[in-house]
Amino acid sequence: TTFSLLSSRGCPYRCIYCNSHNINGRKFRARSPQNLVREIELLIRQFRAMQFEFVDDTFTIDRARVIKFCRLLKERAINIKWACNARVDTVDIGLLKEMKNAGCTTIMYGIESCFQENLDVLKKGTKVEQSEKAISWAKEAGLTTHCYFLTGIPGEGYDKVKQSVGKLSKLEIDFPSVAILTPFPGTELYSIAA
């Protein structure tokens, strides 16, 4: 059984498709590492929980907080397995190795596209090269990669979708997931589609 944990709310990024801003706002508010560890200890005691998934939009926004959390797990000899969502521009090899050393097994990246023009349309704020590095670093750190991609991006034709499949196969992602871009009410994408 995997237990879901929410360690923060709010996302400061500007992706045009994200519905989270309507729910959690743009201001990042995070629980302290100590608070998180106390909850994990409680779940272990009461439910024998040993596997967790952080369902934050981006668990890795605050690098120092993640490192403190990882080191607290090690200090208290809490041997759990966990996974989290991350942006490719919020990680580096040092951080990923800290996470792996503290029990992280899987990192989930919202990559969205292998083409820079698509990322620019989505206002993702990342570069294709950052995605490639983040995947490579995760593999080097010994983490499983689960990466999310979107299709149906404004201006994206069938040829580009076909090219995306070819590019995806070269990235050595453990679990690629492709979803159809959906214009949720309240998002900038919804205004474009309306």
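Here's what I pulled together on the structure shown here. Just so it is clear, the structure is predicted and the values come from calculations on it, not from any experiment. (Residues numbered from 1 in each chain as written. Predicted model: local features only at pLDDT ≥ 70, side-chain atom pairs only at ≥ 80, totals over all residues. Heavy atoms only, no water.)

1. What to know about the environment of Tyr-13
(1) Moving on: Within the secondary structure, Tyr-13 is located in the loop between strand E2 (8–9) and helix H1 (20–24).
(2) Moving on: According to the relative accessible area criterion, Tyr-13 is partly exposed, its value standing at 21%.
(3) Moving on: Each C-alpha atom, one on Tyr-13 and one on Lys-27, is 9.5 Å from the other, the two residues being 14 residues apart in sequence.
(4) Moving on: The contact partners of Tyr-13, leaving out residues within four places of it in the chain, are His-21, Arg-26, Ile-61, Arg-87, Asp-89 and Thr-90. (Helix = DSSP H or I, 4+ residues; strand = E, 2+ residues; numbered from the N terminus. Buried < 20%, exposed > 50% of the residue type's maximum accessible area, 1.4 Å probe, protein only. Contact = heavy atoms within 4.5 Å.)

2. Some points on the packing of aromatic side chains
(1) Moving on: The tally for this structure, following the rule as stated, stands at eight aromatic pairs.
(2) Moving on: Summarising the aromatic geometry, the rings of Phe-54 and Phe-69 are spaced 5.5 Å apart at their centres and angled 90° between planes, so their arrangement reads as edge-to-face. With Phe-54 in strand E4 (residues 51–54) and Phe-69 in helix H3 (residues 63–75), this residue pair connects regions lying 15 residues apart in the sequence.
(3) Moving on: Geometrically, the ring pair formed by Phe-59 and Phe-69 is edge-to-face, given 6.0 Å between the ring centres and 80° between the ring planes. Of this pair, Phe-59 sits in the loop between E4 and H3 while Phe-69 sits in helix H3; the two residues are 10 residues apart in sequence, bridging distant segments of the chain. Here Phe-59 and Phe-69 have matching classes, each one buried.
(4) Moving on: A connected cluster of aromatic rings, assembled from ring pairs, spans Phe-54, Phe-59, Phe-69 and Trp-82.
(5) Moving on: Between the NZ or CZ atom of Lys-167 and the centre of the ring of Phe-115, over which it lies, the distance is 4.8 Å. (Phe/Tyr/Trp six-rings, centres within 6.5 Å; stacked < 30°, edge-to-face > 60°. Lys NZ or Arg CZ within 6 Å of the ring centre and 35° of its normal.)

3. Some details on the pairing of strand E7 (residues 144–151)
(1) Moving on: As defined by bridge partners, strand E6 (residues 104–112) adjoins E7 across six bridges and the pair is classed as parallel. Counterpart to Tyr-109 in the pairing with E7 is Cys-147.
(2) Moving on: Pairing analysis gives six bridges linking E7 to strand E8 (residues 175–180), with the strands arranged parallel. Residue pairing across strands places Cys-147 opposite Pro-176, the latter belonging to E8.
(3) Moving on: Once you follow E7 into helix H7 (residues 158–169) and on to E8, the crossover reads as right-handed. (Pairing = 2+ DSSP bridges. Right-handed = clockwise from strand over helix to strand, strands pointing away.)

4. Points about the sheet that holds strand E1 (residues 3–5)
Hydrogen bonds between backbone groups are what pair the strands of a sheet, and the pairing can be parallel or antiparallel.
(1) Moving on: The parallel open sheet is built from six strands, whose spatial order is E1-E4-E5-E6-E7-E8. If you trace the sheet from one side to the other, it starts and ends with E1 and E8, each paired once. Averaged over neighbouring strand pairs, the angle between their axes works out to 20° when direction is ignored.
(2) Moving on: Summarising the sheet, E1 and E4 pair through three bridges and their orientation is parallel. What sits directly across from Ser-4, in E4, is Glu-53.
(3) Moving on: Lying on the sheet, helix H2 (residues 33–47) is in contact with E1 and E4; it crosses E1 at an angle near 160°.
(4) Moving on: Against the sheet, helix H4 (residues 93–101) contacts strand E5 (81–86) and E6, and its axis sits at roughly 140° relative to E6. (Axes fitted to C-alpha atoms, helices over the stretch in contact; angles between N-to-C directions.)

5. Here we look at the pattern of salt bridges
(1) Moving on: The full count for this structure, using the stated rule, is 10 salt bridges.
(2) Moving on: When the shortest N-O distance is used, the salt bridge between Glu-140 and Lys-97 registers 3.9 Å. With Glu-140 in helix H6 (residues 128–141) and Lys-97 in helix H4, this pair connects stretches of sequence that are 43 residues apart.
(3) Moving on: The class for Lys-97 is partly exposed, based on a relative accessible area of 43%.
(4) Moving on: Put simply, Lys-123 and Glu-188 hold a salt bridge, and the shortest N to O gap is 2.8 Å. Of this pair, Lys-123 sits in the loop between helix H5 (116–121) and H6 while Glu-188 sits in helix H8 (residues 188–193), and the two are 65 residues apart along the sequence.
(5) Moving on: Residue class for Glu-188 comes out partly exposed when judged on its relative accessible area of 36%. (Salt bridge = Lys/Arg side-chain N within 4 Å of Asp/Glu carboxyl O.)

The values are spatial; any link to function lies outside them.
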